[in-house]
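This is what each chain is made of:
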Amino acid sequence: MMEPEEIARLKVLMEWEGQRTAPPEGFPVLPDMPAGRYTSPEYFALEQQHVFRKSWLFAGHLDEIPEPGCYMRWHNAGDPIVIVHGMDGVVRAFHNTCRHRGAPVVTEDRGKSSRLMCGYHNWTYKTDGSLVGVPERRDFPKDFDMSCRGLLPVRCELFGKVIYVNFDMDAMPLLDWLGPLAREWEEFAFDRIRLAARHSFDLQCNWKVAMEANMEVYHVPFIHPNTVAPLVDSSRNLNTIYPNGHARMLAPPPRQTDREHVRAIDSPPGWQQIDSVGELGRTCTQSYTLFPNWVSPLSNYFVPPLVFWPTSLGTTRLELVTMALDWGDAPAPDLWTVPDASQPNGRQMSPIILEDTQFGEAIQHSMQGSAFRSVPLSYQEARIYSFHQSLDRMIGPENVPEHLRVEPVIGAEWVWPNDPRVSQMAREAASAGSHVPAAAE
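Here's what I pulled together on the structure shown here. (Residues numbered from 1 in each chain as written. Predicted model: local features only at pLDDT ≥ 70, side-chain atom pairs only at ≥ 80, totals over all residues. Heavy atoms only, no water.)

### As for the packing of aromatic side chains
Taken as a whole and judged by the stated rule, the model has 22 aromatic pairs. Here Tyr 242 and Trp 416 contribute two aromatic rings whose centre-to-centre distance is 6.1 Å and whose plane-to-plane angle is 45°, an arrangement assigned as tilted. Of this pair, Tyr 242 sits in the loop between strand 13 (238–241) and strand 14 (247–251) while Trp 416 sits in the loop between helix 12 (382–395) and helix 13 (420–431); the two residues are 174 residues apart in sequence, bridging distant segments of the chain. Taking the relative accessible area as the measure of exposure, Trp 416 reaches 27% and is therefore partly exposed. The ring of Phe 167 has Arg 53 lying over it, and the distance from NZ or CZ to the ring centre is 4.2 Å. Between Arg 194 and the ring centre of Trp 327, over which it is positioned, the NZ or CZ distance is 4.6 Å. (Phe/Tyr/Trp six-rings, centres within 6.5 Å; stacked < 30°, edge-to-face > 60°. Helix = DSSP H or I, 4+ residues; strand = E, 2+ residues; numbered from the N terminus. Buried < 20%, exposed > 50% of the residue type's maximum accessible area, 1.4 Å probe, protein only. Lys NZ or Arg CZ within 6 Å of the ring centre and 35° of its normal.)

Below, the structure written as structure tokens:
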């Protein structure tokens, strides 16, 4: 939860962003990023091996496995796993691989059972993963130790009711991974929100091409002139870089727009406000990048992440998720998709998402050409450069071929809680004879 002093400081910084005439003093010149980061099979393999095997990844919501014995399959990051609501009430994740001859222990997307049983030879496991049943046990050696043949675990932790997994058994705890985001997200009621909608769409572009469209507002006036631009003042956008690759974008509405009033008018009956959300979540666009593949604006009505899953070098599966407070008997809210009349009960992406994804395939095709050689980024796109620094850091710079590396020019002095912009703003105010609110100093 943000303190009033922090809110005041961020509001002043947003105004300062709108008035600056150049990047902040001391902000590094961002070197061109190598084009191969989007087109190289070698770099894609490094991402798969190091980034998606070592990061905390969004897996689902407790509503999908609401009771003890419920389970769900999950296979968005390589190895197939099963997430189980244990009979003891603990949510766990396991590799969906029988310890006998590798058959899956779960073959349905969702189900409920007090036991998980491989259909090939009926090896049976409890919901805590322990092996408890082996048919024809007499045919195995007398010293065959069932206690060490349980399902292999995958790290699984919850933030509120949202489930995350990590293939690295030595990874830091989820709360440490979230860092300051965990505190800032308290006001958005992760412990009370329900899963309202979850849909997937396949995109014909590299996952970073798709994701980066949601990591800057430089494009907003041009791609979203009638949808996002009337609600976001891109000139006053404030980016914050966090540890572990995360980031936040905070943008107020244009001065003539009352964002809180617009949200209230646009909200259909049954949509419940999250009463604990603070001023910025009600009045601004407050969007977070959760490294490596989650981007979500958070507001007083929704937690609606967009999650980008690489399916090949040039293809991506985009998950569009809406989480909200209980909507009672009203239709479940869905921020990102709309009905598709061409198929029964079908959904298609909303206009805003279509605007962001419409160029993805063309961009990827263009990137494959010889004219695409490097990527120059502006200060307003610093979240993207910082994101790429985090990719290389997780992979290990020594593992990245030199021609594919980005230079780590954004140093720790620009990572929360540090912010040289505050000092510059104070100096400019003093030079002009004006006063910076104490909360912003």
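### What about the nonpolar core?
Formed by 104 residues in total, the largest nonpolar core has its most connected members in Trp 74, Ile 83, Tyr 164, Val 165, Trp 185, Phe 190 and Trp 294. Looking at this core element by element, the count peaks at seven residues for helix 12. Those residues within four positions of Ile 83 in sequence are excluded, and the remaining contacts are Ala 59, Ile 65, Cys 70, Tyr 71, Met 72, Trp 74, Val 91, Arg 92, Ala 93, Ile 163 and Val 165. (Core = buried A, V, L, I, M, F, W, Y, C linked by side-chain atoms within 4.5 Å. Contact = heavy atoms within 4.5 Å.)

### Comments concerning empty space enclosed by the protein
Applying the stated criterion to the full structure yields two cavities of 30 Å³ or more. As for the largest cavity, its lining consists of Glu 17, Phe 27, Asn 237, Leu 238, Asn 239, Thr 240, Ile 241, Tyr 379, Gln 380, Ala 382, Trp 414 and Arg 421. Here the lining of the largest cavity gets four residues from one element, more than from any other, and that element is strand 13. Of the residues that constitute the lining of the largest cavity, the class distribution is six nonpolar, four polar and two charged. Its boundaries defined by the atoms lining it, the second largest cavity holds a volume of some 90 Å³. Taken together, 13 residues make up the lining of the second largest cavity; nearest its centre are Arg 9, Thr 240, Trp 416, Asn 418 and Asp 419. At the level of secondary structure, the elements contributing two or more residues to the lining of the second largest cavity comprise helix 1 (4–19) and strand 13. Element by element, the count of residues in the lining of the second largest cavity is highest for helix 1, at three residues. (1 Å grid on protein atoms, 1.4 Å probe; cavity = no way out; pocket = protein on both sides within 12 Å on 5 of 7 lines; lining within 4 Å. Points joined across faces, edges and corners; volume = space filled by probe spheres on them. Nonpolar A, V, L, I, M, F, W, Y, C, P; charged D, E, K, R; others polar.)

### Considering the state of the cysteines
Across all of its chains, the model carries zero disulfides by this definition. Sulfur of Cys 98: no disulfide; nearest cysteine sulfur belongs to Cys 118 and is 4.0 Å away. Its relative accessible area of 4% is what places Cys 98 among the buried residues. The buried category is assigned to Cys 118, whose relative accessible area is 2%. (Disulfide = S-S within 2.5 Å.)

### Digging into the sheet that holds strand 6 (residues 110–112)
Read from one edge of the open sheet, seven strands run 2-11-10-5-4-3-6, paired in antiparallel fashion. Both edges of this open sheet fall to strand 2 (57–61) and strand 6, since each of them pairs with a single strand only. In this sheet, neighbouring strand axes are inclined to one another by 30° on average, regardless of whether the strands run parallel or antiparallel. Where strand 5 (residues 91–95) lies against strand 10 (residues 153–159), two bridges are found, and the strand directions are antiparallel. Within strand 10, the position partnered with Ala 93 by the bridge is Val 154. (Pairing = 2+ DSSP bridges. Axes fitted to C-alpha atoms, helices over the stretch in contact; angles between N-to-C directions.)

Read these as layout, nothing more, since geometry by itself doesn't imply function.
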